[in-house]
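This is what each chain is made of:
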Amino acid sequence: LNGPQILRRASEKTAAQGGPDAILSQIDRLVAEVAAGTAPGSIAGIAIASAGPLDSDEGVILGIPTLPGWDGFPIRSVLAERTGLPVLLENDAIAAAFGEWRHGAGAGLGHVAYLTVSTGIGGGFVIDGKVVRGRKGMAGHVGHIRIADDGPRCSCGATGCFEAFASGSAFEARAAQHFGQITAKEVFEAARVGDPLGTALVAQEAEYLGQGITSIIHLVSPELVVMGGGLSQAFDLLNTGIHDVIERDAMAPFKDVKVVPAVLGDNSGLIGAAALMHEKRGI
Ligand SMILES: [Zn+2]
């Protein structure tokens with residue numbers, strides 16, 4: 001087996017404010033686009049990798065801070081009814097962790113921690129060769145590890161969360177205090193050409209990422225930490241800073257754990273969710 005192939009890909013920006021009705025219409029459109037021209041019966045099912053918290057045992061969305069109107073929505077049964085196909089629901093970072101372990105940067109290892117750093121921070125673990133799902137499949141919400149007494153308000157409503165300091169949104173908010181409106185990508189570009197402020201902002205981001213990742217390493221003892229999400233595209237600029245913090249802060253036997261960028265990129269979650277579905281169905 002050479003790993004899975006993405007045959008077709010379709011996407012739209014989530015119509016978050018429209019609630020379930022608007023997003024289900026989007027899903028209908030995207031499924032039709034991807035399924036167009038495929039032989040009848042050739043689609044084994046639908047695997048959903050979604051931001052959480054969600055109950056992947058029951059197939060129900062619980063309370064996603066960025067998606068109003070979905071609390072308690074039984075998306076698995078609703079989609080199964082709409083399409084006549086089997087549906088799997090998994091937290092996106094757990095799916096991505098599984099994808100990177102099965103077919104990506106963590107292939108062949110027994111213990112892998114994954115974190116995605118973009119708008120927010122999510123996490124997932126494969127430990128002792130098994131995906132860690134926890135009660136209701138909600139394990140791995142590492143963005144809400146507390147790293148400070150106070151600080152910017154987190155998407156979850158609390159303060160001091162890892163995500164509130166180290167997410168791409170937090171990085172952009174810090175940069176905006178100096179540069180005005182700016183994207184993470186532009187800050188990395190500034191750092192890349194030697195701009196001192198851009199370089200300092202990237203070093204600060206690596207410091208926060210290193211602190212959270214050091215906690216993750218102490219918590220689950222992975223052989224490797226895989227970083228995905230938008231900020232992993234500039235991993236080469238964050239790499240040294242993150243490892244400096246681990247070297248400085250981790251207890252001695254944990255200092256040699258390495259962090260690497262995801263190799264499946266944007267597709268970690270898609271491939272992971274599909275691989276989980278194949279595994280569950282034994283195909
Ligand atoms: Zn939080």
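Above this text you will find the structure in question.
Since this is a predicted model, take the numbers as computed values, not measurements.

**What about the overall build of the protein chain?**
Okay, step 1: Scanning the protein chain from terminus to terminus reveals nine helices and nine strands.
Okay, step 2: Over its C-alpha trace the protein chain gives a radius of gyration of 19 Å, about what one expects of a compact globule, namely 19 Å for 283 residues.
Okay, step 3: Taken over the C-alpha atoms alone, the protein chain extends approximately 55 × 40 × 35 Å along its principal axes.
Okay, step 4: Taking contacts inside the protein chain between residues at least 6 apart in sequence as the whole, the part at least 24 apart equals 62%.
Okay, step 5: Of the side chains in the protein chain, 21 bear a positive and 30 a negative charge, and the two mean positions are spaced by 4 Å.

**A few points about the coordination of the zinc ion**
Okay, step 1: Each protein donor to the zinc ion is listed here as His 144 (ND1), Cys 154 (SG), Cys 156 (SG) and Cys 161 (SG); together their distances run 2.0 to 2.3 Å.
Okay, step 2: Here the zinc ion is ringed by four donor atoms whose angles at the metal span 105 to 120°, and the overall shape comes out tetrahedral.
Okay, step 3: Read from N- to C-terminus, the donor residues coordinating the zinc ion fall into the pattern H-x9-C-x1-C-x4-C. Here Cys 161 lies in the loop between strand 7 (130-131) and helix 4 (162-166) and His 144 lies in the loop between strand 7 and helix 4, a separation of 17 residues in the sequence.
Okay, step 4: By relative accessible area, His 144 is classed as partly exposed at 31%.

**Let's talk about the side chain of Ser 56**
Okay, step 1: Turning to its location among the elements, Ser 56 is positioned in the loop between strand 2 (54-55) and strand 3 (60-61).
Okay, step 2: Side chain to side chain, Ser 56 and Arg 133 meet in a polar contact 2.3 Å long.
Okay, step 3: Excluding anything up to four places from it in sequence, Ser 56 contacts Arg 76, Leu 89, Glu 90, Arg 133, Lys 136 and Gly 137.

**Here we look at the sheet that holds strand 7**
Okay, step 1: Overall, mixed pairing links the five strands, which are arranged 7-6-5-8-9 in an open sheet. Either end of the sheet is taken by a strand with one partner, and the two such strands are strand 7 and strand 9 (258-261).
Okay, step 2: For strand 6 (residues 121-127) and strand 7, the ladder comprises two bridges, and the chain directions are antiparallel. Residue Ile 127 lies in a different strand from strand 7, and its bridge partner there is Lys 130.
Okay, step 3: Relative to strand 6, helix 3 (residues 92-103) is tilted by about 45°, and along the sheet it contacts strand 5 (112-117), strand 6, strand 7 and strand 8 (224-228).
Okay, step 4: Along the sheet, helix 8 (residues 235-249) makes contact with strand 8 and strand 9, crossing strand 9 at roughly 165°.

**Concerning unusual backbone geometry**
Okay, step 1: Following Gly 52, the chain continues to Pro 53 via a peptide bond in cis, the omega torsion being 0°.
Okay, step 2: Phi angles above zero are rare outside glycine, and Asp 128 is one such case at about 55°.
Okay, step 3: By the element assignment, Asp 128 lies in the loop between strand 6 and strand 7.
Okay, step 4: Classification of Asp 128 as exposed rests on a relative accessible area of 61%.
Okay, step 5: A positive phi angle is found at Lys 136, which is not glycine, with a value near 60°.
Okay, step 6: With respect to the helices and strands, the residue Lys 136 is situated in the loop between strand 7 and helix 4.
Okay, step 7: What makes Lys 136 partly exposed here is its relative accessible area of 32%.

**With respect to the environment of Thr 66**
Okay, step 1: By the secondary structure assignment, Thr 66 is in the loop between strand 3 and helix 2 (75-83).
Okay, step 2: Here Thr 66 falls in the exposed class, since its relative accessible area comes to 54%.
Okay, step 3: Each C-alpha atom, one on Thr 66 and one on Ile 43, is 30 Å from the other, the two residues being 23 residues apart in sequence.

**Observations regarding the nonpolar core**
Okay, step 1: In this structure, Leu 115, Leu 209, Ile 213, Met 227 and Ile 242 are the most contacted members of the largest nonpolar core, which totals 38 residues.
Okay, step 2: Contributions of two or more residues to this core are made by strand 5, strand 6, helix 4, helix 5 (168-179), helix 6 (184-192), helix 7 (196-220), strand 8 and helix 8.
Okay, step 3: The element contributing the most residues to this core is helix 7, with nine residues.
Okay, step 4: Dropping the residues within four chain positions of it, Leu 115 is found in contact with Ile 121, Gly 122, Gly 123, Phe 162, Ile 213, Ile 216, Val 225, Val 226, Met 227 and Gly 228.

The rules we used
Counting from 1, residues in each chain are numbered in the order their sequence is written. Only residues with pLDDT of 70 or above have their local features reported here, since the model is predicted, and side-chain atom pairs are shown and tallied only from 80 upward, although totals for entire chains, interfaces and linings are computed over all residues. To obtain the side-chain values, all non-hydrogen atoms of the structure were used and water was disregarded. Strands here are runs of E lasting at least two residues and helices are runs of H or I lasting at least four, both read from the DSSP assignment and numbered beginning at the N terminus. For this measure, only C-alpha atoms enter the radius of gyration; the expected value for a globule follows 2.2 Å times N^0.38, where N is the number of residues. The contact definition used throughout considers only heavy atoms, calling two residues in contact when any of these lie within 4.5 Å. Under this rule, positive means Lys or Arg and negative means Asp or Glu; His and the chain ends count for nothing. Taken as the charge centre is NZ of Lys, CZ of Arg, CG of Asp or CD of Glu, depending on the residue. Donor atoms: N, O and S within 2.8 Å of the metal, or within 3.2 Å for Na, K and Ca. Because water is excluded, sites can look incomplete. Each label reflects the angles at the metal, where four donors whose angles all fall between 85 and 135 degrees are tetrahedral, four or six donors whose opposite pairs open beyond 155 degrees and whose other angles stay between 65 and 115 are square planar or octahedral respectively, and the rest are irregular. Only protein chains enter the calculation, and the probe is 1.4 Å; a residue is then buried if its accessible area is under 20% of its type maximum, exposed if over 50%, and partly exposed in between. Identification of polar contacts relies on pairs of N or O atoms within 3.5 Å, with a donor-acceptor requirement for protein atoms, meaning one able to donate a hydrogen and the other able to accept it, and with residues adjacent in sequence counted only if both atoms are side-chain atoms. Only strands joined by at least two bridges in the DSSP assignment are considered to pair. To get an axis, fit a line to the C-alpha atoms, keeping to the stretch in contact for a helix; angles then go from 0 to 180 degrees between the N-to-C directions. In plain words, nonpolar cores are sets of buried Ala, Val, Leu, Ile, Met, Phe, Trp, Tyr and Cys residues tied together by side-chain atoms within 4.5 Å.

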